[in-house]
Amino acid sequence: MTETDKVFLSILRDALHPGNEITDFETDWKAVLDTAKKQNLFPFVYDAASTYHSFTSFEDSYPEYFTAVTAAMTAQMQKTDAFLSLYRLFLSASLSPITLKGIICRNLYGDRGELRASGDEDILIEKKDYMKAVSVLESCGYQKEADPDKNMEVIQEVTFHSEKLTVELHLNPFGINSTTRGKMNGWFRDVFRSEEKVEIKGVPVRTMTPTDHLLFLAFHAFKHFTGGGFGVRMMLDILLFAEKYGERIDWEHIEKGLSDVGATGFMTDLVEIGNQYLGFDFLQHFEPVCPDELLDDMFSRGTFGNSGSADRTAGRIVADTVQKGKGSESRLKSYFRLLFPSWNTWYVRKPYLKDRPWMVVCEWFRRVARYLRGETSSSNLKELDKSYEIAEERMALLGKYGVL
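This text gives an overview of the structure that appears in the document. Only a predicted model underlies this, so the values are computations on that prediction, with no experimental measurement involved.

Cut-offs used in this document
- Residues numbered from 1 in each chain as written.
- Predicted model: local features only at pLDDT ≥ 70, side-chain atom pairs only at ≥ 80, totals over all residues.
- Heavy atoms only, no water.
- Pairing = 2+ DSSP bridges.
- Helix = DSSP H or I, 4+ residues; strand = E, 2+ residues; numbered from the N terminus.
- Buried < 20%, exposed > 50% of the residue type's maximum accessible area, 1.4 Å probe, protein only.
- Arc of directions from axis to C-beta.
- Contact = heavy atoms within 4.5 Å.
- Phe/Tyr/Trp six-rings, centres within 6.5 Å; stacked < 30°, edge-to-face > 60°.
- Lys NZ or Arg CZ within 6 Å of the ring centre and 35° of its normal.
- Axes fitted to C-alpha atoms, helices over the stretch in contact; angles between N-to-C directions.
- Parallel < 35°, antiparallel > 145°, perpendicular 65-115°, else oblique.
- Nonpolar A, V, L, I, M, F, W, Y, C, P; charged D, E, K, R; others polar.
- Polar contact = N/O pair within 3.5 Å; in protein donor to acceptor, adjacent residues only side chain to side chain.
- Left-handed = near helix turned anticlockwise from the far one by under 90°.

**Remarks on the sheet that holds strand β5 (residues 166–170)**
- With mixed pairing, the five strands of this open sheet are ordered in space as β1-β2-β5-β4-β3. The open sheet has two edge strands with one neighbour each: β1 (98–100) and β3 (143–144).
- Relative to strand β4 (residues 157–161), β3 runs antiparallel, the two sharing two bridges. In the strand pairing of β4, Gln143 is matched with His161.

**Quick look at helix α7 (residues 130–139)**
- What α7 keeps buried is the set Tyr130, Ala133, Val134, Val136 and Leu137. The arc enclosing the buried residues of α7, seen along the axis, measures out at 160 degrees, which places them on a common side. Facing away from the buried side of α7 by more than 90 degrees, the exposed set consists of Met131 and Ser139.
- Buried residues along α7 sit against α5 (63–92), β3, β4 and β5.
- Once α7 finishes, Gly141 follows within two positions and takes phi at roughly 90 degrees, a positive value.

**Comments concerning the packing of aromatic side chains**
- As enumerated under the stated definition, the model contains 27 aromatic pairs in all.
- Judged by centre distance (6.0 Å) and plane angle (45 degrees), the ring pair of Phe174 and Phe188 falls under tilted. One end of the pair, Phe174, is in the loop between β5 and α8 (179–186); the other, Phe188, is in the loop between α8 and β6 (197–200), and 14 residues separate them in sequence. Exposure class is identical for Phe174 and Phe188. Each is buried.
- When the centroid spacing of 6.0 Å and the interplanar angle of 85 degrees are considered together, the rings of Phe188 and Phe216 count as edge-to-face. Here Phe188, found in the loop between α8 and β6, pairs with Phe216, found in helix α9 (residues 210–225); they are 28 residues apart in sequence, far enough to count as distant.
- Judged by relative accessible area, Phe188 falls into the buried class, the value being 5%.
- The buried category is assigned to Phe216, whose relative accessible area is 2%.
- Three or more aromatic residues joined by ring pairs form one cluster here, namely Phe25, Trp29, Phe42, Tyr46, Tyr52, Phe55, Phe58, Tyr62 and Tyr65.
- The ring of Phe42 has Lys37 lying over it, and the distance from NZ or CZ to the ring centre is 5.2 Å.

**So, the packing of helix α1 (residues 3–16) against helix α2 (residues 29–38)**
- With their axes 9 Å apart at the nearest point, α1 and α2 run at an angle of 70 degrees to one another. With respect to α2, the element α1 is oriented roughly perpendicular. Contacts between α1 and α2 involve Thr4, Asp5, Val7, Phe8 and Ile11 from the former and Trp29, Ala31, Val32, Thr35 and Ala36 from the latter.
- Residue composition of the contact of α1 with α2, by class: seven nonpolar, two polar and one charged.

**What about the side chain of Glu196?**
- Relative to the assigned elements, Glu196 resides in the loop between α8 and β6.
- On the basis of relative accessible area, Glu196 is assigned to the buried category, the value being 15%.
- Within the structure, the side chain of Glu196 is placed 3.0 Å from the side chain of Arg248, a separation counted as a polar contact.
- Filtering out sequence-adjacent residues up to four positions away, Glu196 remains in contact with Val205, Arg206, Thr207, Met208, Thr209, Pro210 and Arg248.

**A few points about the packing of α1 against helix α10 (residues 232–245)**
- Axis separation between α1 and α10 bottoms out at 13 Å; the angle between their running directions is 25 degrees. Taken together, the axes of α1 and α10 are roughly parallel relative to one another. Considering only the axes of α1 and α10, their crossing is right-handed. Contacts between α1 and α10 involve Phe8, Leu12 and Leu16 from the former and Val232, Leu236 and Leu240 from the latter.
- Residue classes in the contact of α1 with α10 are distributed as six nonpolar, no polar and no charged.

**What to know about the pairing of β6**
- Only one face of β6 is buried: it carries Val198 and Ile200, and the other face, with Lys197 and Glu199, is open.
- With four bridges joining them, β6 and strand β7 (residues 203–206) adopt antiparallel strand pairing. Its bridge partner lying in β7, Val198 is registered against Val205.

Right, dumping it as structure tokens:
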């Protein structure tokens, strides 16, 4: 962990758990804000940094940063208003989708809620309500990104876009393209029996119970961890949620769920990081595994493990290896699978292939053509070597958590 990373964590600690004294920093503020951008916490960290005397000269010298923060906060406020307007229409149509992450997590940050950016909003609906929900979205001008599979048992989400907001309409919380994700879904079969609501700006937004939502957030982070990676913002959401709703959470249920998918050590280390660096004070029930290595991985990968093309390719290598349940394999095999993905991989990416399986040949030809034209990172051997090195490091870390 670099000195910049340590300052970054200290700023978050002071903002979330202010003490009697706040230590000022003589640091490279541009580097700190670059880290904040990579972790999708730029507006939040900029606002928190403004409390330090040493930040004043930087703030005065770079007014474009303040402009960018203001624009990001304004855009987030517009997204929030757009979502709440949409949710009112759902309620008017006798629908009450379960809201996940996004606006529920922003509500954890108090007055700085709109400084915690969300790329989209996620809602979970019952399969019987799918067409009705689509009708509401389309009546508001939302356009479907792609036609989903006709079999609603296999759909994870369908994405809708409007000028102000992207909405992911979930039918399954985690998809079904691996045994672990199937197990994750199993823990949320009864969530629609609850009428848990959070009032946001006068709108009663339905969500999961605190126990179910914390488990969902932990599973969501673990899903990304076993693929491309995940960042500090996901960890903050989990820890802040646990802190706010701790007395209402069934911790025995949480432990059983984490154990079922092999995420106990992962969650233990997140708690350890929160206690050590961010001012949280949770009781630990298990011995940490390698929290500092996990933290280094979070700083390296960024929000979703997509900091660059090498990271994205490495994420595909790791996710495929985890799905197969095997350890590291030769680079030649990894490269071949990147160029010629398996049938199951194609099916997950392009559900229409189930009805037209012969089209996978066309997809393979298109992929080879893109490769030859240099339009994919896979066509750059140096980039591929870098991707494989990242993947090997990440798979070694996953091995310490018993994933591989």
